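# A structural walkthrough
Listed below are the residues making up each chain.
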Amino acid sequence: MDPPAAKRSRGGPAGPEERDAGAGAARVRGRPEALLDLSAKRVAESWAFEQVEERFSRVPEPVQKRIVFWSFPRSEREICMYSSLGYQPPEGEHDARVPFTRGLHLLQSGAVDRVLQVGFHLSGNVREPGSPGEPEHLYHVSISFDRCKITSVSCGCDNRDLFYCAHVVALSLHRIRHARQVELRLPISETLSQMNRDQLQKFVQYLISAHHTEVLPTAQRLADEILLLGSEINLVHGAPDPTAGAGIEDANCWHLDEEQIQEQVKQLLSNGGYYGASQQLRSMFSKVREMLRMRDCNGARMLILMTEQFLQDPRLALWRQQGAGMTDKCRQLWDELGALWVCVVLSPHCKPEERAGWLQLLCKWDKLEVCPLEEGNYAFDGPSLQPTLAPSSELLQKGSTCITNTEGWVGHPLDPIGCLCRALLEACRLEEETLSLYPDASPEKRKVAYQHVPVPGSPSESYFALALEVALLGLGQQRALPEGLYAQDKVVRNEEQLLALLEELELDERLVQVLRKQAELLLEGGPFSGFGEVLFRESVPMHTCARYLFTALLPHDPNLAYRLALRAMRLPVLETAFPAGEPHPSPLDSIMSNRFPRWFILGHLETRQCELASAMLTAAKGDPKWLHAVLGSIQQNIHSPALLFKLAQDACKTATPASAPPDTTLLGIALELGLQVMRMTLNTMTWRRREMVRWLVSCATEIGPQALMNIMQNWYSLFTPVEAATIVAVTGTTHATLLRLQVDGPRREELWACARTLALQCAMKDPQNCALPALTLCEKNHAAFEAAYQIVLDAAAGGLGHAHLFTVARYMEHRGLPLRAYKLATLALAQLSIAFNQDSHPAVNDVLWACSLSHSLGRHELSAIVPLIIRSVHCAPMLSDILRRWTLSAPGLGPLGARRAAKPLGADRAPLCQLLEAAVSAYITTSHSRLTHISPRHYGDFIEFLGKARETFLLAPDGHLQFTQFLENLKQTYKGKKKLMLLVRERFG
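This structure is a prediction, so every number in the text was calculated from the model and none was measured. (Residues numbered from 1 in each chain as written. Predicted model: local features only at pLDDT ≥ 70, side-chain atom pairs only at ≥ 80, totals over all residues. Heavy atoms only, no water.)

### Some thoughts on unusual backbone geometry
Here the residue pair Ala-910 and Pro-911 is connected by a cis peptide bond, since its omega of 5° sits within 30 degrees of zero. When you line up the elements, Pro-911 lands in the loop between helix 41 (876-886) and helix 42 (912-932). A positive phi is found at Cys-148, a non-glycine position, where the angle reads about 65°. Secondary-structure assignment places Cys-148 in the loop between strand 3 (137-146) and strand 4 (149-155). (Helix = DSSP H or I, 4+ residues; strand = E, 2+ residues; numbered from the N terminus.)

Take a look at the structure:
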C-alpha cells in the first residue's frame, strides 16, 4: 500500500506551519510532566495540536516520545473485537481456536520478545510451540498504528483470516500490558534528521550491506532517480516515513482485510445449505453490530463488503429465472442484512456525507435485477391491501371492521420497532468491565443491566422508558396478517424477539407507570389498537403480547391486567367462522386449509392463545370472580378441543396441590372445560377421546360423588355408549375411586345404582358393544342383571350378531349359568351360516364350544341343538368332527351336566342319525364341487379328503355300501380325469 501524502513530507524545509509548530512547542516547554502526558495523550487520540503532529523536529524530544507512547491503542476490547467472530463457547469452556484466546496464552507463556517501537510502528518476535516432534515456530510481527488504532498488521505466519492472528494479538497485548518495558524510539525520520552527512552515508551503506540481497536493486533504483535532477522524486519535499504516522487529513480506522472478508462471505454463501455456514454468517453480522456499538466506522465498511457479496450470490439469478422463492435460511440472512442497514443509516453518529453515500449505494443495489424483494419470492406480486371478502360394550357481526394498518411494524422486513427499541436500550446499557473471552472471567451469561438516561430537552423522559413504550406500541398495533408462510413466521419470530428483550428488563416504578399508561391506551385505542373493542377479521392476535403485559401488570394492577388479557383472548378469524363453543377441524385438515388458505400459522397462534388462558387461570386461583370471567372468555374464544383439554388439565393440576387443600372453584372450572370438550368431540371422534374420558372421571372424583353421578346421569350428551359403559361406569366404581371419594354405605350404593342404570341404558342403545360390560357391572344386583340379560335376548331378535352372542354365552357359562349360556348359543347358531368350503371360519371354535355345552347339559339339550347345527353348518369336516365328539361319551357326563345317560349315543340312532346324514350329504356335495374345477396339483388333497369321508360313511350301518356306490358314481361321472381316478382306485379299490 502506498504511504499517504502526509507521510511524504518528512524532512523538508520548514514552512509557515512549521514555524507555528515551533511556537506551539515553545508553549509546551516548561510544563510539569503530568501536563506533558495529558497533552501528549490528547494529541495521540485526536491530534488536537495539529502543529505538533505536522513536524516532530519542532517539538521537544520528551513530548515526541510521549506522543508516540500514547498513540498505541490502550483498550484490549478493540483487540478482542478484531481477533474473534464473537464466538461464544459452551459454559465453563474457552475455545483455544479463538485467536484472542490463543494470543493471550502466548503472552502469558512469555512467547513475545525483542519488542521494538519505532515511532508509530511496533515490531517483535512471537514463538509458538510446534506440534509433537516438531520444533517451535518463530514469527516476526509488525504493527502500524495511528491515533490509538491499529491501521495495518503483518505476520510471518501468513494466516489469512478475517481478523488478526494470535501472534498479532500477543504482540498487541504485550504493548498494552507491558508498555513501560517496550524499547521506544522516535520515528526514523526524526532520528535521521539528527545525523550529519557522514553518519547518513554510513547508515545507508550498513543497511544495504545487512540486507543487500533484498534491498540492493531498490537502493540502486532510488539512487539513480535522486541523481537525476528532473526526476519526480526530486520534485517532492521530504521523503516517506512508515514509522511517522498519518496526516491529520488521512482516514483513521482499524485495519480490516477487505479482500479476505469478501472471499469468506463468498465461500460461506456457496455452502449456504449447511448449518455451519449460516452460523458463521450470523457471527459476521454480530461482529458488524459490535462495531456499530463501538462507533467503529469499519462496521459500515464490513456491511458494504458483505452486501456486495450477497448480491453476487449465483443462486439469486437462478431463483429469479425459475420464479422460485428463496430458501428459509437465505431469507433469514437477507432479513438480518436489511436490519443492519437500518441500524447503520439511522445511526445518530454518522455524518451527513456518509449517510448520503450509503443511500446512493442502496439505490444502486435496489436497481439490480437480482436484488430480492422483501418477501424473498420473485414470483410474489405483493400483499393484497383489501380485506378478505366475507359473506354478508358475517360483515354484520360485531368483531368485523376495516383495518387501517395493512403493513405492520412488527414483522416488517426492516424491523423498525426492533431496531429503534434496541437503539434506545443501547443508550441505557451499563458497560461491562471485563471481556467474556478472558479465561479468568465468569463463563456464565450475565443479565444485561440498564439505567435511566434522560432524553436531552425532556428531563422527565428517559431512553429506557421510551424503549419499553416503543416496543409496546409496535406489539399492540392492529395489523393484518401478511401474505405467505415466511412473512407470517417472521411476525411470530419478531414478536418473540421483542418480548424476550422486554423480559430482560427489571421493572422499576417508572417502567410500571409506562406499562399502565400503555395498557390503558391500548384498551382505548380503537381501530389502531389490537386490544380495541372492534377488530378486523384477519388481524394479528395479541395473545403473546398480552401474556407479557398480564404477567408484568399483575403484581401492580390486577384489574388492568385481567381486563387487558381478557380483551386479547379473541381470535377474530375463527370467531367469524365458528360459533362459540363449536370445534373446528385441525389446521392441517384439508377443510381447514380451504377455509383459511392464508393462515399458515393458525395452529401456533391458537397455542399462544391457550398459553394466555392458562396463565390467567393459574393467576386467578382463589378468586372466583376472575376465574368465572376467564372461563367465559375461554368458552367463547377457544375452539380447539385439544387446547381446551390441555387447559382443563392445567386447571385441575393447579387446583389440587400436593400439600394444600384443593381449590373447589378452579376444580369446577376444570370439570366444566372437560365437559365442553366432551360435547365438542362427541360426534368427531379423536384418538385422544379415551384419555379425555378417563381424565374427566378423575376430575369429577376430585370434586366429589355428586359430580361423578352428574356425568353418569347426563352421559348421553357427553359420551358414546361404549365410553360410558366401559370407562365411565367402570372407573367410577372401582375400589380406588370409592376410597378416594370416602363415601358411606348408602352413598356408595347410590353411586353403584347410578352406574348400573348407566350401563343398562348403554346396553339398550348399543347392545352389540355394551351388553357384556352391562352384565359385568350388574352382577351383584339380581334385578339389574336380569334386566341386562333380557336386553341381550331382545337384541338377539333385533339383529345382534352371532359373534357377540357367543361372547355373552361364554360369559354366562363362566359365571355358572349354563342354561342361559345354552340359550344364547342357540340364538347365535340360528344366525350363523358356515359354507362347505369354510373350514377356517372364525366361528368354528364357538360352534364346537356350543356343541360341547349342549352335550354336557344332557340328551334333551343335545337333541334340540342338532337341527340348528344341520341348518347352520354345511362344512363336511366340521360336521363329522362334531359327530365324533358326541359319540365319545354319554351326554350329561360333562362337568356341568346334571343328568346321566346309560351309555354313549350311537351315530345311527336319534338324535345323531340326522347329523350323520347331514355329514354324509355334505361330503358328497363337497366332493362334486371340488371336482368341478380341480387341478392335478390338488389331487393329493382330494384323496385325503375322500379318506376322511370314508371314516364318516362307516359310522352308518350300511356305510361301506354307501361309500362304494359313491366312488362308483365318481368314477363314471369323472372318467375323463384318468390320473385322478387311477389314484382313487389305488387307494380305495
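Here the narrative resumes.
### Remarks on the environment of Thr-618
Tracing the sequence through the fold places Thr-618 in helix 26 (residues 602-619). Separated by 33 residues in sequence, Thr-618 and Ala-651 have C-alpha atoms that sit 7.0 Å apart. A distance of 2.9 Å separates the side chain of Thr-618 from the backbone oxygen of Ser-614, its partner in a polar contact. (Polar contact = N/O pair within 3.5 Å; in protein donor to acceptor, adjacent residues only side chain to side chain.)

### Some thoughts on the confidence of the model for the protein chain
Mean pLDDT over the protein chain: 83, with 84% of residues reaching 70 or higher. Residue range residues 378-392 is modelled with pLDDT below 50. Its contacts to residues more than four positions away, or to other chains, number 23 contacts. (pLDDT = per-residue confidence, 0-100. Contact = heavy atoms within 4.5 Å.)

### A look at the pattern of salt bridges
Going through the model one piece at a time under the given rule, you end up with 38 salt bridges. A salt bridge links Glu-183 to Arg-185; its shortest N-O distance comes to 2.5 Å. The class for Glu-183 is partly exposed, based on a relative accessible area of 40%. Among the salt bridges present, the one from Arg-429 reaches Glu-426, with a minimum N-O distance of 3.9 Å. Glu-426 sits in the partly exposed class, given a relative accessible area of 30%. What you see here is one network of salt bridges that share partners, running through Glu-496, Arg-547, Arg-608 and Glu-611. (Salt bridge = Lys/Arg side-chain N within 4 Å of Asp/Glu carboxyl O. Buried < 20%, exposed > 50% of the residue type's maximum accessible area, 1.4 Å probe, protein only.)

### Brief notes about the side chain of Thr-307
As for its position among the elements, Thr-307 is in helix 14 (residues 298-311). By relative accessible area, which is 4% here, Thr-307 ends up buried. In terms of polar contacts, Thr-307 uses its side chain to reach the backbone carbonyl oxygen of Leu-303, at 2.7 Å. Once you skip the residues sitting within four places of it in the chain, Thr-307 turns out to touch Leu-337, Trp-341 and Trp-365.

### Let's talk about the pairing of strand 3
In regular strands, side chains alternate between the two faces of the sheet. Of all ten residues in strand 3, seven are buried; the element is thus mostly enclosed. When strand 2 (residues 121-128) meets strand 3, the two strands line up antiparallel, connected through eight bridges. Bridge assignment links Val-126 to a residue of strand 3, and that residue is Tyr-139. With six bridges connecting them, strand 3 and strand 4 associate as antiparallel partners. Following the sheet pairing, Asp-146 is matched in strand 4 by Lys-149. A loop of two residues connects strand 3 with strand 4, the two strands running antiparallel in sequence, and Arg-147 in this loop sits at a positive phi of about 50°. (Pairing = 2+ DSSP bridges.)

### A few points about the side chain of Gln-477
With respect to the element layout, Gln-477 can be found in the loop between helix 19 (463-475) and helix 20 (485-503). Within the structure, the side chain of Gln-477 is placed 2.9 Å from the backbone nitrogen of Trp-409, a separation counted as a polar contact.

### Structural notes on the nonpolar core
The nonpolar side chains of soluble globular proteins are, as a tendency, buried together. In terms of nonpolar packing, the biggest core is built from 185 residues, with Phe-531, Leu-617, Ile-634, Phe-719, Val-847, Ile-869 and Trp-886 touching the most fellow members. It is helix 29 (residues 664-681) that provides the largest number of residues to this core, a total of ten residues. Residues within four places of Leu-617 in sequence aside, it is in contact with Leu-627, Val-630, Ile-634, Leu-647, Ala-651, Leu-666, Ile-669 and Leu-673. Formed by 72 residues, the second largest nonpolar core is a distinct cluster that contains Val-169, Leu-269, Trp-319 and Cys-350. (Core = buried A, V, L, I, M, F, W, Y, C linked by side-chain atoms within 4.5 Å.)

### Some points on the packing of helix 26 against helix 28 (residues 641-655)
For any two helices packed against each other, the geometry comes down to the angle between their axes and how far apart the axes lie. The contact between helix 26 and helix 28 brings their axes to 10 Å, and the two run at 20°. By the angle between their directions, the pair helix 26 and helix 28 is classed as roughly parallel. Between helix 26 and helix 28 lies a crossing of right-handed hand. Taking contact as the criterion, the partners of Glu-606, Thr-607, Cys-610, Ala-613, Ser-614, Leu-617 and Thr-618 in helix 26 are, on helix 28, Leu-643, Lys-646, Leu-647, Asp-650, Ala-651 and Thr-654. Residue composition of the contact of helix 26 with helix 28, by class: six nonpolar, four polar and three charged. (Axes fitted to C-alpha atoms, helices over the stretch in contact; angles between N-to-C directions. Parallel < 35°, antiparallel > 145°, perpendicular 65-115°, else oblique. Left-handed = near helix turned anticlockwise from the far one by under 90°. Nonpolar A, V, L, I, M, F, W, Y, C, P; charged D, E, K, R; others polar.)

### Notes on the environment of Gly-526
For Gly-526, the location among the structural elements is in the loop between helix 21 (509-523) and helix 22 (543-553). Judged by its relative accessible area of 26%, Gly-526 falls in the partly exposed class. Sequence-wise, Gly-526 and Gln-478 are 48 residues apart; in three dimensions their C-alpha atoms are separated by 9.2 Å. Those residues within four positions of Gly-526 in sequence are excluded, and the remaining contacts are Gln-478 and Gly-532.

### Considering the packing of helix 30 (residues 689-703) against helix 31 (residues 705-713)
One way to put it is that helix 30 packs onto helix 31 with a least axis distance of 5 Å and a crossing angle of 140°. Of the possible angle classes, the one that applies to helix 30 and helix 31 is oblique. Residues Val-697, Ala-700, Thr-701 and Ile-703 of helix 30 touch helix 31, and the partners they reach there are Ala-707, Leu-708 and Ile-711. Partitioning the contact of helix 30 with helix 31 into residue classes produces six nonpolar, one polar and no charged.

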